[in-house]
Amino acid sequence: MNKILLLDVVGLTPRLLQHAPRLRALAEQGWQAPLETVLPAVTCSVQSTMLTGLLPREHGAVGNGWYFRDLGEVHLWRQHNRLVTGEKVWETARRARPDFRAANVCWWYAMGASTDWTITPRPVYHADGRKSPDCYTWPPELHDELTQALGAFPLFHYWGPTASLRSTEWIVAASRQLLPEADLTLAYVPHLDYDLQRHGPDSPQALAAVRDVDRAVTPLLDDAREQGATVVVVSEYGITHAAHPVDINRALREAGLLEVYTQHGMEYLDPWTSRAFAVADHQVAHLYVQNPADLAPVRKLCQDLPGVDLVLDRAAQHDFGIDHHRAGELVLVAEPRAWFTYYYWLDDARAPDFARGVDIHRKPGYDPAELFLDPADRTVKLRAALGLARKKLGLRYAMNVVPTSGAWVKGTHGRLPDDPLDGPILLCSDPSSRMDRMSASSVRDLILDLAEVPH
């Protein structure tokens, strides 16, 4: 049985590969192909498709989050594996080879999965409101082994204004520990997400990030070669220029369709009474419309909104493989260079306190502004330092340092790529398995073929 390393270098494209000498050498010794991704081209949807071979209409991960109709709440970045329907690639392998062993290092929907080893970000939420960096592992004893060897999982370098290469280096080091034991090792490295969204995909900072992540993954690639493992490198999407934030929820509110409720002077989205609201997810937004009679006017409003490219009803969603009951009654796709904000308040003084912090679980949509210390606030670094000081003293603190404007965001993704050079890519170290093109739904079968597992 051949050993496989499935390495997700998120954001890698054919254009960026030219700046990554180690990854480019792997492709030259093996092969590379454009990777036909799914809509939405976001982490949870694409990873779920690669691991099950199914489209979002079948596995149900219609985005990085959605409106849970049975709860009446929007949730992004849930972690339980049972949210993804379908047999995962290692489960398929075990039907033929019951002793097939799999390790998951930071691929999404990891908790409760049937992998033999699991590592996924999981902060400690203290009773006094503080948040400490940490991770969840299976088996449990792996947690202490990793933290003693590598230090605590660097959560604040994994996302937020201080996101950096350090999280990728930790993930690579953890993957190197599991690689010798596993038949299939999944490793996800997030570094290209950061400066490509902060500064744009062809900025000097973005090209430096490509070189940095290439150096960071080199020890893992060297280990794979020494251990005779076949390497498959995938990306989920390419990041393209962002210049036009689309405030879809503000447009719905101004039209009298979206409702809020107020507590302590702060406004919160009220999905229970809203006739229509959007869950913004990069360049795709799910619009939930309660009354079928409102569909036509909501559709017209969206079609007329600058920055909106497509408005997909259920029939049109079928053509893109996203017609699942979790999807919105309408799904919006942004134009190139446009993306959807989650903002629903009309006055910044009424914004909820979580809007100015890194709070991926309470915001009812994706917020790339979390990558920034507010550039418009001259005191932001001082306030951040004071917050850290309070944290170290064990006191309550609030990191209200994130801008409430999408104007600073320079890179985005989510729509299907307009140019293959800026779309996702697949690299494989085994030249005998060469393919001219690969779809995200075919990655599962490629892994099983390379592992020589009947399926």
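No experiment lies behind these values; they were computed from the predicted model shown.

1. Things to note about the state of the cysteines
Scanning all chains against the criterion turns up zero disulfides. Sulfur of C44: no disulfide; nearest cysteine sulfur belongs to C106 and is 13 Å away.

2. Quick word on the sheet that holds strand 9 (residues 135-138)
An order of 9-6-5-10-1-11-22-2-23 is seen for the nine strands of this open sheet, with the pairing classed as mixed. Taken across any chain shown, the strands that pair with only one partner, and hence form the sheet edges, are strand 9 and strand 23 (438-439). Direction of pairing for strand 5 (residues 102-105) relative to strand 6 (residues 117-121): parallel, over a ladder of three bridges. Counterpart to A103 in the pairing with strand 6 is W117. In this fold helix 3 (residues 43-52) packs onto strand 1 (4-9), strand 2 (31-36), strand 10 (184-189) and strand 11 (230-234), with an angle of close to 165 degrees to the strand it touches most, strand 10. Packed onto the sheet, helix 6 (residues 141-150) meets strand 6 and strand 9 and runs at close to 125 degrees relative to strand 9.

3. Quick look at the packing of aromatic side chains
Counted according to the given criterion, the structure contains 15 aromatic pairs. Here the aromatic rings of Y67 and Y288 are separated by 5.3 Å at their centres, their planes lie at 65 degrees, and the arrangement is edge-to-face. Of the two residues, Y67 is situated in strand 3 (residues 65-68) and Y288 in strand 17 (residues 284-289); the sequence distance between them amounts to 221 residues. Under the relative-accessibility criterion, Y67 is labelled buried at 11%. When its relative accessible area of 3% is taken as the criterion, Y288 is described as buried.

4. Notes on the pairing of strand 17
By the criterion of burial, strand 17 is predominantly enclosed, with six of the six residues buried. The two faces of strand 17 match: V284, H286 and Y288 on one face and A285, L287 and V289 on the other face are all buried. Across six bridges, the pairing between strand 16 (residues 276-281) and strand 17 is antiparallel. In the strand pairing of strand 17, D281 is matched with V284. Connecting the antiparallel pair strand 16 and strand 17 is a turn made up of two residues, with H282 showing a positive phi of about 60 degrees. In this structure, strand 17 lies alongside strand 19 (residues 330-334), joined through four bridges in antiparallel fashion. Bridge pairing in strand 19 links A285 to L332.

5. Points about the side chain of Q197
Mapping Q197 onto the fold places it in helix 8 (residues 192-199). Reaching out from Q197, the side chain makes a polar contact with the backbone oxygen of D193 at a distance of 3.4 Å.

6. Some thoughts on the packing of helix 2 (residues 21-29) against helix 9 (residues 204-226)
Contact geometry for helix 2 and helix 9: axes closest at 8 Å, N-to-C directions at 40 degrees. In terms of their interaxial angle, helix 2 and helix 9 are classed as oblique. On helix 9, the residues touching P21, R22, L23 and L26 of helix 2 are D214, V217, T218, L221, D222 and R225. Looking at the contact of helix 2 with helix 9 residue by residue, the class counts come to five nonpolar, one polar and four charged.

7. Structural notes on the pattern of salt bridges
Any two side chains of opposite charge can pair if their charged atoms end up close together. Under the counting rule described, the total for this entry stands at 27 salt bridges. The partner of D116 in a salt bridge is R94, and the shortest N-O contact between them spans 2.7 Å. Note that D116 is positioned in the loop between strand 5 and strand 6 and R94 in helix 5 (residues 89-96), a separation of 22 residues in sequence. Taking the shortest distance from any N to any O, the salt bridge between D359 and R362 comes out at 3.0 Å. Each of the salt bridges in this network shares a partner with another, and the network as a whole consists of R15, D419 and D422.

8. What about the sheet that holds strand 18 (residues 308-312)?
Across the sheet, four strands lie side by side as 16-17-19-18; this open sheet has antiparallel pairing. Each edge of the sheet is formed by a strand with only one pairing partner; in this case those strands are strand 16 and strand 18. Within the sheet, the average angular offset between the axes of one strand and its neighbour, ignoring direction, is 20 degrees.

The rules behind these values
Residues numbered from 1 in each chain as written. Predicted model: local features only at pLDDT ≥ 70, side-chain atom pairs only at ≥ 80, totals over all residues. Heavy atoms only, no water. Disulfide = S-S within 2.5 Å. Pairing = 2+ DSSP bridges. Helix = DSSP H or I, 4+ residues; strand = E, 2+ residues; numbered from the N terminus. Contact = heavy atoms within 4.5 Å. Axes fitted to C-alpha atoms, helices over the stretch in contact; angles between N-to-C directions. Phe/Tyr/Trp six-rings, centres within 6.5 Å; stacked < 30°, edge-to-face > 60°. Buried < 20%, exposed > 50% of the residue type's maximum accessible area, 1.4 Å probe, protein only. Polar contact = N/O pair within 3.5 Å; in protein donor to acceptor, adjacent residues only side chain to side chain. Parallel < 35°, antiparallel > 145°, perpendicular 65-115°, else oblique. Nonpolar A, V, L, I, M, F, W, Y, C, P; charged D, E, K, R; others polar. Salt bridge = Lys/Arg side-chain N within 4 Å of Asp/Glu carboxyl O.

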